[in-house]
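# Architecture at a glance
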Amino acid sequence: MPDFSKMKSAFRNITIAVLILLIYGCSYTPESKNQTLSDFHVEHITIPIGPEIDPYTMALQYVDGELLWHNKNRSTISKIDLKTKQVSEYYHYQEEGPMGVGNIVGFYVFNQNKIAFPTSGRRVSIYYMDTDKVDRIKLSDFSPDYTDTRSRTRYTSTFHFWNNKLVLPQTVYFRYTHEINEDFLKNKNPFLILNLDNSKVEESPYRLSKSNFGENFNTPKILLDHKGKYSYILPFYSNQLDVFDLNNSNTESYQLQTNLIPDFTNKFFLHEERVNQSLEENMSEYLSEPQNLGILVDPFKNLLYRMTWPGTGVPEGVSSMKFVATPSHFILSVYDENFDLKYEFELPEYEYIPHQYFVSEAGLHLFGNHPDHPDSKEDQLVIHTFDFSD
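Residues numbered from 1 in each chain as written. Predicted model: local features only at pLDDT ≥ 70, side-chain atom pairs only at ≥ 80, totals over all residues. Heavy atoms only, no water.

## What to know about the overall build of the protein chain
Just so we agree on the cut-off: A run of H or I in DSSP becomes a helix once it reaches four residues, and a run of E becomes a strand once it reaches two; helices and strands are each numbered from the N terminus. Here the globule rule reads 2.2 Å times residues to the power 0.38, and the radius of gyration is calculated from C-alpha atoms. Relative accessible area decides the class of each residue, using a 1.4 Å probe on protein chains only: under 20% of the type maximum gives buried, over 50% gives exposed, and in between gives partly exposed. Only heavy atoms enter the contact rule, under which two residues are in contact if any of them lie within 4.5 Å. Accessible surface area values rest on a Shrake-Rupley calculation with a 1.4 Å probe, where residue burial reflects the displayed protein chains alone. Residues scored as charged are limited to Lys and Arg (positive) and Asp and Glu (negative), so that His and the chain ends carry no count. In plain terms, the charge of a residue is placed at NZ if it is Lys, CZ if Arg, CG if Asp and CD if Glu.
The helix and strand tally for the protein chain stands at 5 helices and 24 strands. Taking 21 Å as the expected radius of gyration for a compact globule of 390 residues, we find that the protein chain reaches 23 Å, a close match to that expectation. Considered along the principal axes of its C-alpha atoms, the protein chain spans approximately 100 × 50 × 45 Å. Within the protein chain, the proportion of its 390 residues that are buried is 50%. A sequence separation of at least 24 residues applies to 53% of the contacts in the protein chain between residues at least 6 apart. Summed over its atoms, the accessible surface of the protein chain is roughly 18,900 Å², and 50% of this surface lies on carbon and sulfur atoms. The centroid of the 35 positive side-chain charges in the protein chain is displaced by 3 Å from the centroid of its 52 negative side-chain charges.

Below you can see the structure in the form of structure tokens.
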């Protein structure tokens, strides 16, 4: 007669083994499971700066070993040589007058003699340093629906030069919750194309859709970065990355994996009463949700970096208006060439600046002088370099 107690025990062991296999076989385990951010740290440099340099900026651009840095308070762009640590003035722009470029919202350097400035009033000014000439393009001349453009590192929204055309991100103005629907998205251009051959603005066929947001719509604000013929689009509250081909207008979509970023919600956006609240109250609610802060495409190592605020809220006793300018920390997610999760880390609080970063041949560069760190100094830039390549 069979021993049913032994059969029952064996069946239980097999069941447990199968469950473990299913759980761990189906779970995505990134390579960072047993590694820390410091394992990828390859360099730490400190660059002394004087009063001519703003210690924090909303716009920077890496070009051939040099960092171009916007000093909003001084109306200048500085050039920082990352090897020699020498700092010099690259361009001192004027807002008004014959050579005025307007109230700029970032910049984009084509080469040593040509700079594009997005400016308020739905304009783009292109300055030619060799001839001291300024071309001004007014977007509203082409359509009253076009909005302001910008080229900034903060909430990644950058110009891109390709085939003698310039990609121009479009600003999303305030909209009530009920105004955001499929019809709105069909008529909203996330970015435009400026044809430099004829100085005419063309519409991009790319559009956001319901699939970018999940169950409920959310703000149609996006992060926008580029590499060659591709533009990379990631909404503020989404894991869906769209890759748009500027040559053939095809779009491929990818769901970015994460083990640390909480689920995105629509609570703040769906809260219609936010229009009756104070800015302090709104910022407090705004910071209580996870949000994508930036993306960087690494053309040197074929990686994608995503920076995300985890939505842990504002610390007690801290002004939400101050905190939103430089949140305490962020989650760094690293994706490979197939957009699979490779590494992911929640960075330490008050160490790295959430909206300042760039990519070079050496890797990802983070600024280690968070303004609320007790040892932070405004007379130096502290840059940490990380190499996540194999």
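## Observations concerning the layout of surface pockets
We apply this condition: Note on definitions: the grid is 1 Å and covers protein atoms alone; a cavity is a set of points where a 1.4 Å probe fits but cannot get out; a pocket is an open set with protein on both sides within 12 Å along at least five of seven lines; lining residues have an atom within 4 Å of a point. Grid points are joined across faces, edges and corners, and a volume is the space filled by probe spheres set on the points. Polarity classes work like this: nonpolar for Ala, Val, Leu, Ile, Met, Phe, Trp, Tyr, Cys and Pro, charged for Asp, Glu, Lys and Arg, and polar for all others, with Gly in that last group.
What the largest pocket holds in volume is close to 940 Å³. Lining the largest pocket are 35 residues, with Val172, Thr219, Lys221, Phe236 and Tyr286 positioned closest to its centre. Those elements that provide at least two residues to the lining of the largest pocket are helix H3 (267-270), helix H4 (279-286) and helix H5 (320-325). The leading source of residues in the lining of the largest pocket is H4, at 4 residues. Split into classes, the residues belonging to the lining of the largest pocket amount to 20 nonpolar, 7 polar and 8 charged. The volume enclosed by the second largest pocket comes to roughly 770 Å³. Along the wall of the second largest pocket there are 29 residues; nearest its centre are Gln61, Tyr62, Tyr108, Asp225 and His226. Breaking the lining of the second largest pocket down by element, the ones donating at least two residues are strand S2 (60-63), strand S6 (108-111), strand S10 (160-162), strand S14 (222-227), strand S18 (291-298) and strand S22 (357-360). Sort the elements by how many residues they give to the lining of the second largest pocket and S2 lands first, with 4 residues. In terms of residue class, the lining of the second largest pocket is built from 17 nonpolar, 7 polar and 5 charged.

## What to know about the pairing of S14
Going by this rule: Following DSSP output, two strands are said to pair if at least two bridges run between them.
Summarising burial for S14: 5 of the 6 residues are buried, a large majority. Note: S14 against strand S15 (residues 230-235), 6 bridges, orientation antiparallel. Bridging across to S15, histidine 226 finds its partner in serine 231.

## With respect to the pairing of strand S13 (residues 200-203)
Sheet topology places strand S12 (residues 191-195) next to S13; 4 bridges connect them, and they run antiparallel. Residue pairing for S13: asparagine 195 is matched across the bridge by lysine 200. Following S12, the chain reverses through 4 residues before pairing antiparallel with S13; serine 199 in that reversal takes a positive phi of roughly 60 degrees.

## Thoughts on the environment of asparagine 189
By the secondary structure assignment, asparagine 189 is in the loop between helix H2 (182-187) and S12. Judged by its relative accessible area of 6%, asparagine 189 is buried. Each C-alpha atom of the pair asparagine 189 and proline 205 lies 7.9 Å from the other, and the pair is 16 residues apart in sequence. Those residues in contact with asparagine 189 that sit more than four places away from it in its chain are Tyr146, Gln170, Glu203, Ser204 and Arg207.

## Some details on the sheet that holds strand S20 (residues 331-335)
Note the cut-off: Between N-to-C directions, angles cover 0 to 180 degrees, with each direction set by a line fitted to C-alpha atoms, over the stretch in contact for helices.
Taken in spatial order, the 4 strands make up an open sheet running S18-S19-S20-S21, and their pairing is antiparallel. Looking at the sheet topology across the chains shown, the edges are occupied by S18 and strand S21 (341-346). Each neighbouring strand pair of the sheet contributes to a mean axis angle of 15 degrees, computed without reference to strand direction. Relative to strand S19 (residues 303-309), S18 is paired through 7 bridges, and the arrangement is antiparallel. What sits directly across from leucine 296, in S19, is tyrosine 305.

## A word on the nonpolar core
Heads up, the condition is: In this description, a nonpolar core means a group of buried Ala, Val, Leu, Ile, Met, Phe, Trp, Tyr and Cys residues linked to one another through side-chain atoms lying within 4.5 Å.
If you look at the biggest cluster of nonpolar residues, it comprises 45 residues, and the most contacted ones within it are Tyr305, Leu332, Leu364 and Phe388. Discounting chain neighbours no more than four positions away, the residues touching leucine 332 are Leu37, Tyr305, Arg306, Met307, Tyr343, Glu344, Phe345, Leu347, Leu364 and Phe388. By size, the runner-up hydrophobic cluster in this structure holds 16 residues, among which are Leu185, Phe191, Tyr206 and Ile222.

## Here's the deal with the sheet that holds S13
The 4 strands are arranged S10-S11-S12-S13 in an open sheet whose pairing can be described as antiparallel. Of all the strands in the sheet, the pair left with one neighbour each is S10 and S13. With strand direction ignored, the average angle separating the axes of adjacent strands in the sheet is 30 degrees. With 5 bridges connecting them, strand S11 (residues 165-169) and S12 associate as antiparallel partners. Bridge pairing links proline 169 to phenylalanine 191 in S12.

## Here's the deal with the pattern of salt bridges
This is how it is decided: The term salt bridge refers to a side-chain nitrogen of Lys or Arg lying within 4 Å of a carboxyl oxygen of Asp or Glu.
Taken as a whole and judged by the stated rule, the model has 8 salt bridges. Between lysine 133 and aspartate 135 there is a salt bridge, and its shortest N-O distance comes to 3.8 Å. Notably, a salt bridge pairs aspartate 390 with lysine 342, separated by 2.5 Å at the nearest N-O pair. Within this pair, whereas aspartate 390 is found in the segment after strand S24 (380-386), its partner lysine 342 is found in strand S21, the two being separated by 48 residues in sequence. On the accessibility criterion, lysine 342 (6% relative accessible area) is buried.

## A few points about empty space enclosed by the protein
Tallied over the entire structure, the rule returns 1 cavity of 30 Å³ or more. The residue inventory of the lining of the largest cavity, partitioned by class, reads 7 nonpolar, 1 polar and 1 charged.

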